[in-house]
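Report on the structure
In case you want the letters, here they are:
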Amino acid sequence: MPGIKLGKATSLLVAGLAIGMATSVFAQEPPLEAQASRTTTFDIAAQPLAQALTAFGRQSGMQIAVDTAAVAGKSSAGVSGTMTADQALRQLLAGSGLTYQFTSANAITVAGAPPGAGQGSGAVQLDPVRVQASAPPAQAEIGNLPPAYAGGQIARGGKVGLLGNRDYMDTPFSETTYTDKYIQDQQARTLTDVLAGDPTVRMGWPNGNVFDDRAMIRGILVTNTNYGLGGLYGIVPAQADTTGVERVEVFRGPSAFLNGALPNAVGGTINLVPKRATNEPITQVSALYLSDAQFGGTVDIGRRFGPDQSIGLRANATYTSGDTAVNNQTAERLALTLGFDFRSDATRIDGDIGYLRRDVGAFQGSIFLAAGVPLPPPPYANRSSYQPWERLQADDLYGALRFEHDIAPWLTGFIKIGAKRSNVQTLFVNQNIVNYNGNTTTLAVSPAGQFLQNTEVLSAETGLRGIFNTGPIKHEAALVGNYMKTQIWSQSNPLALAISSNIYNPTFVAAPSLYGLRQNAPLASDQILSSIGLVDALSAADDRIQLIVGARAQRLQNANYSAVTGLPTSGNDKSVVSPSASFVVKPVKEFMFYGNYIQALQPGPTAGAGTTNAGQTFAPFVSNQFELGAKVDFGTVGATLSAFQITIPSAFTDLSTNTFVVDGQQRNRGLEFVAFGEPFAGLKLFGGFTLLEAIQTSTAGGVNNGKMAVGTAPFQFSFQADWDTPFAKGFGVMGRAVYNGQVYLNAANTQAAPPWTRFDAGLRYSFDGPEGKPLSIRANVINLFDANYWVATTTFFAQNQPRTFMLSLTADF
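Residues numbered from 1 in each chain as written. Predicted model: local features only at pLDDT ≥ 70, side-chain atom pairs only at ≥ 80, totals over all residues. Heavy atoms only, no water.

This next bit is on the packing of helix α3 (residues 49-60) against helix α5 (residues 85-93). At their nearest, the axes of α3 and α5 sit 11 Å apart, and the two run at 170 degrees to each other. Between α3 and α5, the interaxial angle falls into the category roughly antiparallel. Counting all contacts with α3, which are made through L49, A52, L53 and F56, the residues of α5 involved are A85, A88, L89, L92 and L93. For the contact of α3 with α5, a count of residues per class yields 9 nonpolar, no polar and no charged. (Axes fitted to C-alpha atoms, helices over the stretch in contact; angles between N-to-C directions. Helix = DSSP H or I, 4+ residues; strand = E, 2+ residues; numbered from the N terminus. Parallel < 35°, antiparallel > 145°, perpendicular 65-115°, else oblique. Contact = heavy atoms within 4.5 Å. Nonpolar A, V, L, I, M, F, W, Y, C, P; charged D, E, K, R; others polar.)

On to the nonpolar core, then. Y178, L191, L195, V248, I270 and L272 are the most contacted members of the largest nonpolar core, which has 45 residues in total. Discounting chain neighbours no more than four positions away, the residues touching L272 are L191, G228, L229, G230, V236, A240, V245, R247 and V248. Formed by 28 residues, the second largest nonpolar core is a distinct cluster that contains F368, I433, L443 and V743. (Core = buried A, V, L, I, M, F, W, Y, C linked by side-chain atoms within 4.5 Å. Buried < 20%, exposed > 50% of the residue type's maximum accessible area, 1.4 Å probe, protein only.)

What follows concerns the environment of E672. Within the element layout of this structure, E672 appears in strand β37 (residues 659-680). Overall, E672 belongs to the buried group, its relative accessible area being 1%. Taking the C-alpha atoms as reference points, E672 and L691, separated by 19 residues in sequence, lie 6.5 Å from one another. Non-local contacts of E672, meaning those with residues more than four positions away in its chain, are made with S174, T200, R218, R252, T640, L641, S642, F644, F689 and T690. Separated by 2.9 Å, the side chains of E672 and R218 make a polar contact. (Polar contact = N/O pair within 3.5 Å; in protein donor to acceptor, adjacent residues only side chain to side chain.)

Right, let's get into the side chain of R218. Here R218 lies in the loop between β12 (215-217) and β13 (220-222). Among the polar contacts listed, one links the side chain of R218 to the side chain of E627, at a separation of 3.1 Å.

Right, let's get into the sheet that holds strand β10 (residues 174-178). On the basis of which strands lie adjacent, the open sheet formed by 5 strands has the order β10-β16-β17-β14-β15 and mixed pairing. The open sheet is flanked by β10 and β15 (232-233), the only strands paired with a single partner. (Pairing = 2+ DSSP bridges.)

For the rest of this paragraph, the subject is the pattern of salt bridges. What the rule picks out here adds up to 41 salt bridges. We note a salt bridge from E141 to R465, for which the minimum N-O separation is 3.0 Å. Of this pair, E141 sits in the loop between β7 (107-111) and β8 (157-159) while R465 sits in strand β28 (residues 448-470), placing them 324 residues apart in sequence. According to the relative accessible area criterion, R465 is buried, its value standing at 5%. Ionic contacts of the salt-bridge type, sharing partners, join the residues K181, D185, K684, D722, D724, R764 and R778 into one network. (Salt bridge = Lys/Arg side-chain N within 4 Å of Asp/Glu carboxyl O.)

For the rest of this paragraph, the subject is the packing of aromatic side chains. The tally for this structure, following the rule as stated, stands at 23 aromatic pairs. Ring centres of Y178 and F686 lie 5.7 Å apart, and the angle between their planes is 85 degrees; on these two criteria the pair is classed as edge-to-face. On the criterion of sequence distance, the pair formed by Y178 in strand β10 and F686 in strand β38 (residues 683-697) is long-range, its members being 508 residues apart. By relative accessible area, which is 0% here, Y178 ends up buried. On the basis of relative accessible area, F686 is assigned to the buried category, the value being 2%. (Phe/Tyr/Trp six-rings, centres within 6.5 Å; stacked < 30°, edge-to-face > 60°.)

Quick look at a nonpolar patch on the surface now. Taken together, the side chains of F305, I311, L313, L338, F340, I353 and L397 present a nonpolar region at the surface, about 580 Å² in accessible area. Listed by contribution, the elements that provide at least two residues to the nonpolar patch are β20 (311-324) and β21 (330-343). Turning to its location among the elements, F305 is positioned in strand β19 (residues 292-305). (Patch = residues over 30% accessible without salt bridge, like charges linked within 9 Å, V, L, I, M, F, W, Y side chains within 5 Å. Areas by Shrake-Rupley, 256 points an atom, 1.4 Å probe, with all protein chains shown as cover.)

Looking now at the pairing of β21. Burial of the side chains of β21 is restricted to one face: A331, R333, A335, T337, G339, D341 and R343 are buried, whereas none of T330, E332, L334, L336, L338, F340 and F342 on the reverse face is. Two elements, β20 and β21, share 13 bridges in a ladder whose sense is antiparallel. Residue pairing for β21: I311 is matched across the bridge by F342. What sits between the antiparallel neighbours β20 and β21 is a turn of 5 residues, in which N328 has the positive phi angle 70 degrees. In the sheet, β21 pairs with strand β22 (residues 347-361) via 14 bridges, with the strands oriented antiparallel. Within β22, the residue paired with A335 across the bridge is L356. Two successive antiparallel strands, β21 and β22, enclose a turn made up of 3 residues.

The subject of this paragraph is the side chain of D300. You can see D300 is positioned in strand β19. Residue D300 is classed as buried on the basis of its relative accessible area, which comes to 7%. At 3.2 Å, the side chain of D300 and the side chain of K275 are in polar contact. Not counting the four nearest positions on each side in its chain, D300 is found in contact with K275, I282, T283, Q284, R314, A315 and N316.

Put simply, S291 and D292 share a cis peptide bond, and its omega is 5 degrees. Within the fold, D292 resides in strand β19. One non-glycine residue, A541, lies in the positive phi region at around 55 degrees. Within the secondary structure layout, A541 lies in the loop between β31 (523-540) and β32 (545-561).

Think of a sheet as strands paired side by side through backbone hydrogen bonds, with each pair either parallel or antiparallel. Read from one edge of the open sheet, 3 strands run β11-β12-β13, paired in antiparallel fashion. Bordering the open sheet on either side are β11 (201-203) and β13, each of which pairs with just one other strand. With strand direction ignored, the average angle separating the axes of adjacent strands in the sheet is 30 degrees. As defined by bridge partners, β12 adjoins β13 across 3 bridges and the pair is classed as antiparallel. From the neighbouring strand, I217 faces β13, where its bridge partner is I220.

To continue, consider α5. A85, A88, L89, L92 and L93 are the residues of α5 that are buried. One side of α5 carries all its buried residues, which in axial view fall inside an arc of 120 degrees. Of the residues one or two after α5, G95 is the one with positive phi, at around 80 degrees. (Arc of directions from axis to C-beta.)

Now the structure itself:
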């Protein structure tokens, strides 16, 4: 197939970089002045001075060289709040008698008394406390994570596609980044656990019963094909395990312009940031328990090597097995990850490889509702109406390699490449509720079956990113190319089972024979997504005024294949150049308001497992988003308020035929509010709400025009408080409330799942064990009051997660 014509886009970037080269020598802001004016939020507790300086280096992203003899035996009162590095250092070193000096924009030396005070006039020989061969420049991604916000649970920013890592107050989009501290304190095993309290996200399956970690963001379904690993998309397993994950970045709204053409990134994207070896050795072991009888453990080991600690390795493993909180259900999980990184003065390399294996017995798949039947109340969540022999088996092997090189101090080139191979096999029954008493039959069109699917993905990204000045204007420009090839082999083996049962009093039957069924899956679809994006973020008045403009040339190619003949049955090949524009205005440093417009070519939706046309990909479409918002940063509390409108095709499963269809358009208008931080010492808050009007338009014959889109809730809310108690050192408590509004199950809005509320709670206690190493005990309860409700994000639905206890003991060695 002919390639995309991108000559104009390439010429624009080359011209821009040429202008930057010609002017940057004269217009670059002096590095020490730039550093002096940059603010960072610090959260460094009172502790020995050497450790406080290590924390300062980590949070500021700067190289700190220290005379170890000079800091020995000294303590620091710590520092907290948003300020410059200079101001933070003054507080950390107050009363120590030590001095410091900026030796470059990203390097500081801390030493004893200055010459003439008993130390002589020679240069001080420094022994680094925190070794960082060379602090990466601002435009780099590797080793350049934004610091944590006050409280440590949410980070100040994250990756914003081709713009790289940005502080949330410089980002004209809505995003939330969850840190490792948040993940650990929640005992989050999967992405579903991490996002259980996000006020703007609702997960499509209860944890433990899952095909995947699908999420509803802004009323639009987002699946694992739109989840990234270190910024490479499409290579995350269907259920995203948190083993080896340092952070989870949630981006709300269409992101094809920022991240390249993705299978369905209209609602948003989620990026998993892998763990890396720290300067201090890590050896951490945890024992795990989940109700009713799941036991297991985790191991986390990190080391740095070499004379300058330029090489790092981080290995993580998790294993759990046993009975879940759902009757008759068992689950086994094995997750392994290994991360590698290399740092030098101008080159950074990192890589990851992971393996995930899942085996769920009596797994809880889809439940359907017959036409004209009102949805009955849910059964007790711990009582399963699924057959004991229903089963989900899956394994994923995935990995990625990233390379960055600083061509000049202001210009960095990078290459990323990753891949995934997934195998999924399910044995399922499609329960169809036929009356309000909860009686069920098997779905007429697809009563039961065995489903096989193999997926292979190759994902790559390469480009240039630079920061330079032209007169008073600062430019953050990037030229990035993306490529993703996805092949899916799938086979549906129908089983002629006629089971009459009841969701409250189920009837169990013998397992069917699979003898003679086809066990090799034929090619179902082949998709290539490629694009080149160009962006320039222009800033003036000390970054108080920012304008971000760009465009992305996208090409989407896909073909569907016949399972019988192996020949193509349909396909698409479409190209478009999509523009984007956004702005940031900061009247004062604590407040900003922003706006964005994004137009993007998106692949059509893909029919999911269990439908008669599973694996079929529909024609591409162009999505549009308008968004206006405001953000605040008070140092201890931050918040984002955003209003948006998105238009996409309306897609759902037609229950009369069990076929996934596209009919008309869906227009989502909404208001989101998210707040986070630590307003008082030890009290960490996180919460917000989403108001959503998701309306069907341009439907066939206008029959459903103006009606709510399937699977969308008009209101959702969550609030979480986490308190480090002052009366018991190391003891913390957590509470969370989650609400979800009514969800319609059909396009005609005649059937609906009622609203629900869930409460979660947690306790933790950390103390010093042998040799002063920390020990932590955590106890969490999901669904504290054992509420029963239906989880619905489309036409089918599932039982919720019953009350589940999680207990862990973590030891550092």
